[in-house]
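The lines below spell out each chain.
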Amino acid sequence: MLIREVTVTPVAFRDPPLLNAAGVHEPWALRTIVEVVTDEGLTGLGETYGDLDHLGKVRTAARSLIGLDAYHRNAVYSAVAASVGAEVVTDKHGLTGASTREKTVDRVFSPFEVACLDIQGKAAGRPVADLLGGKVRDAVPYSAYLFYKWAGHPDGPDDVFGAALDSAGLVEQARLLVDRYGFRSIKVKGGVLPPAEEIEAVLALREAFPGHPLRLDPNAAWSVDTSIEVGRALDGVLEYLEDPADGIAAMAAVAPHVPMRLATNMCVVTPDHLPPAIRQGAIGVLLIDHHYWGGLVKSSHIATLCATFGIELSMHSNSHLGVSLAAMTHLAAATPAVTHACDTHTPWQDGQDVVAPGALRFVDGAVPVPDGPGLGVELDRDALAVMNEQYEKCGIRSRDDTSYMKRFHPSFSRRRPRW
Ligand code: GKR
Ligand code: MG
């Protein structure tokens, strides 16, 4: 089953002004859609980041895959690694941790691996979850992912979600998401307001949603001392505290002094980070993300390895579309170690998607695993064309939450720790 053709399409979709420790989301979020076609006429889909440096690597890698067997994952990985060379690609926003060469290769490889698994599933008439070992759950629970946010982008109209700039606003946002999607756990993107206000918001959510597990993620905006204070103030309230402090050593300094597990998608983001994090007891939960952990198979191996060391698994997300949601759902469905509800930004896309409607939906906060062959989703070609045109016109080429924030608040700076 040889790879005959690979198409790489950058897309842009509207994104609300979601606040985080690095700044604020720009009006357009970028992604890249990958289509791999075999000599037998099967097409597989993958989705990855849209930042220009990364896109360039994805395009170069795509050319090196022609003629390879879609079943030969190792050969595809080697071709991607050779095409990436020695370069390390970094994110401007810094919200998914440090970059290494392995992480750079893993990120470029991921959409092609997902597309090849989609092809293999289609060839076998089986869902991708079956290729990963089979489902251990029929539907994958996701969390309501709350953000402090402005009512709209300063240069545009207010959006449908409204403003959320205090605990009342966050509780109202949670109600909207829980009512609309049925989410049964809640994540708060923190690192935006002074810690005392974020503690108050979490306590308000606890009162409003007594049965929902809660998590707080300030993206490493706090010092070790502040992290310990917040952790202690939220004793018995949080399921886990995500990336309070910056780096393995700082997380390890916090961990023994707070009552809950510490989670990360920042200090452990590539295999090299695991030995020191485990040795130092820095984390109790890893947020796996197949987009930078080298695809679905490697992510599932990492998850199993973590479970061996007593590290629990959740799943990380960035602004994404339905090809990613499908891949995340198959991975979580087939990975027993993923015991926490996964993160997703899907609600913030408010229905914009490149996949045809129907295959993916939320039922009681969970996405039933698509049971069609492969990923079980099809491209909506009209939507893809519209989003590609939006990409061409939007003028954004790399996500940069900090510069966008500085346009409206010139004194803003990205500081770690801020508090
Ligand atoms: O979308 O602003 C955002 C998030 O902060 C995202 O970029 C992070 O990577 O969701 C992520 C996280 O859990 O840190
Ligand atoms: Mg995080």
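Anything mentioned here points back to the structure above.
What comes next is a walk through the structure. Since the structure is predicted, the reported quantities are computational estimates derived from the model, not experimental observations. Every chain's residues receive numbers from 1 upward, in the order its sequence appears when written. Chain letters and ligand numbers both follow the written order, the letters beginning at A and the numbers at 1. Only residues with pLDDT of at least 70 get local features here, since the model is predicted, and only at 80 or more are side-chain atom pairs given and counted; chain-wide, interface and lining totals rely on the full set of residues. Hydrogens and water molecules were not included; the side-chain quantities draw on all heavy atoms of the structure.

## Focus: the pairing of strand β4 (residues 28-38)
Link 1 in the chain: In terms of burial, β4 is largely enclosed, as 10 of its 11 residues are buried.
Link 2 in the chain: Any two strands with at least two DSSP-identified bridges between them are counted as paired. By definition, any uninterrupted DSSP run of H or I lasting at least four residues is a helix, any uninterrupted run of E lasting at least two residues is a strand, and each is numbered from the N terminus. Sheet topology places strand β1 (residues 3-14) next to β4; 11 bridges connect them, and they run antiparallel. Residue pairing in the sheet places T9 in a bridge with I33 of β4.
Link 3 in the chain: As defined by bridge partners, β4 adjoins strand β5 (residues 43-49) across 7 bridges and the pair is classed as antiparallel. Note that in β5 the partner of E35 across the bridge is L45.
Link 4 in the chain: Following β4, the chain reverses through 4 residues before pairing antiparallel with β5; G41 in that reversal takes a positive phi of roughly 85 degrees. Relative accessibility under 20% of the residue-type maximum defines a buried residue, over 50% an exposed one, and the middle range a partly exposed one, all with a 1.4 Å probe and only protein chains included.

## Brief notes about the coordination of the magnesium ion (ligand 2)
Link 1 in the chain: Distances from the magnesium ion (ligand 2) to its protein donors, D217 (OD), E242 (OE) and N265 (OD1), fall within 1.9 to 2.2 Å.
Link 2 in the chain: Residue class for E242 comes out buried when judged on its relative accessible area of 0%.
Link 3 in the chain: The buried category is assigned to N265, whose relative accessible area is 1%. For Na, K and Ca the donor cut-off is 3.2 Å, while for other metals it is 2.8 Å, and in both cases only N, O and S atoms qualify; water is not among them, so sites may look incomplete.

## Regarding the sheet that holds strand β8 (residues 186-189)
Link 1 in the chain: Strand order in the open sheet formed by 7 strands is β7-β8-β9-β10-β11-β12-β13, and the pairing between neighbours is parallel. Of all strands in the sheet, those with a lone pairing partner are β7 (144-147) and β13 (312-315), marking the two edges. Going from strand to strand, the sheet's axes swing by 25 degrees on average, the running direction of each strand aside.
Link 2 in the chain: As defined by bridge partners, strand β12 (residues 285-288) adjoins β13 across 4 bridges and the pair is classed as parallel. Directly across from V285, in β13, lies its bridge partner E312.
Link 3 in the chain: Residues are treated as being in contact if the distance between any of their heavy atoms lies within 4.5 Å. Interaxial angles span 0 to 180 degrees and are taken between N-to-C directions of axes, which are lines fitted to C-alpha atoms, for helices over the stretch in contact. Helix-sheet contacts for helix α5 (residues 167-181) involve β7 and β8, and the interaxial angle to β7 is about 150 degrees.

## Examining the layout of surface pockets
Take a probe with the size of a water molecule and roll it over the atoms, and the empty space left behind shows itself.
Link 1 in the chain: A cavity here means a set of 1 Å grid points, computed over protein atoms only, where a 1.4 Å probe fits but cannot escape. A pocket is an open set with protein on both sides within 12 Å along at least 5 of 7 lines, and lining residues have an atom within 4 Å of a point. Grid points are joined across faces, edges and corners, and a volume is the space filled by probe spheres set on the points. Looking at the largest pocket, its volume works out to about 390 Å³.
Link 2 in the chain: Asp, Glu, Lys and Arg are counted as charged, while Ala, Val, Leu, Ile, Met, Phe, Trp, Tyr, Cys and Pro are counted as nonpolar; the rest, among them Gly, fall into the polar class. Class assignment for the residues of the lining of the largest pocket results in 10 nonpolar, 7 polar and 4 charged.
Link 3 in the chain: There is about 300 Å³ of room inside the second largest pocket.
Link 4 in the chain: Looking at the second largest pocket, it is lined by 17 residues, and the ones nearest its centre are R14, D15, P16, H153 and D159.
Link 5 in the chain: Among the residues making up the lining of the second largest pocket, the classes are represented as 7 nonpolar, 5 polar and 5 charged.

## Observations concerning the packing of helix α1 (residues 52-63) against helix α3 (residues 101-124)
Two numbers describe a pair of packed helices, the interaxial angle and the distance between the axes.
Link 1 in the chain: Look at α1 against α3: their axes get within 9 Å of each other, and the N-to-C directions meet at 55 degrees. What the angle tells us is that α1 and α3 run oblique. Considering only the axes of α1 and α3, their crossing is right-handed. Side by side, α1 and α3 meet where H54, K57, V58, A61 and A62 of the first sit next to R107, V108 and F112 of the second. Working rule for angles: under 35 degrees goes down as roughly parallel, over 145 as roughly antiparallel, 65 to 115 as roughly perpendicular, anything else as oblique. It is the rotation of the near helix from the far one that decides the hand of a crossing: anticlockwise by less than a right angle makes it left-handed, clockwise makes it right-handed.

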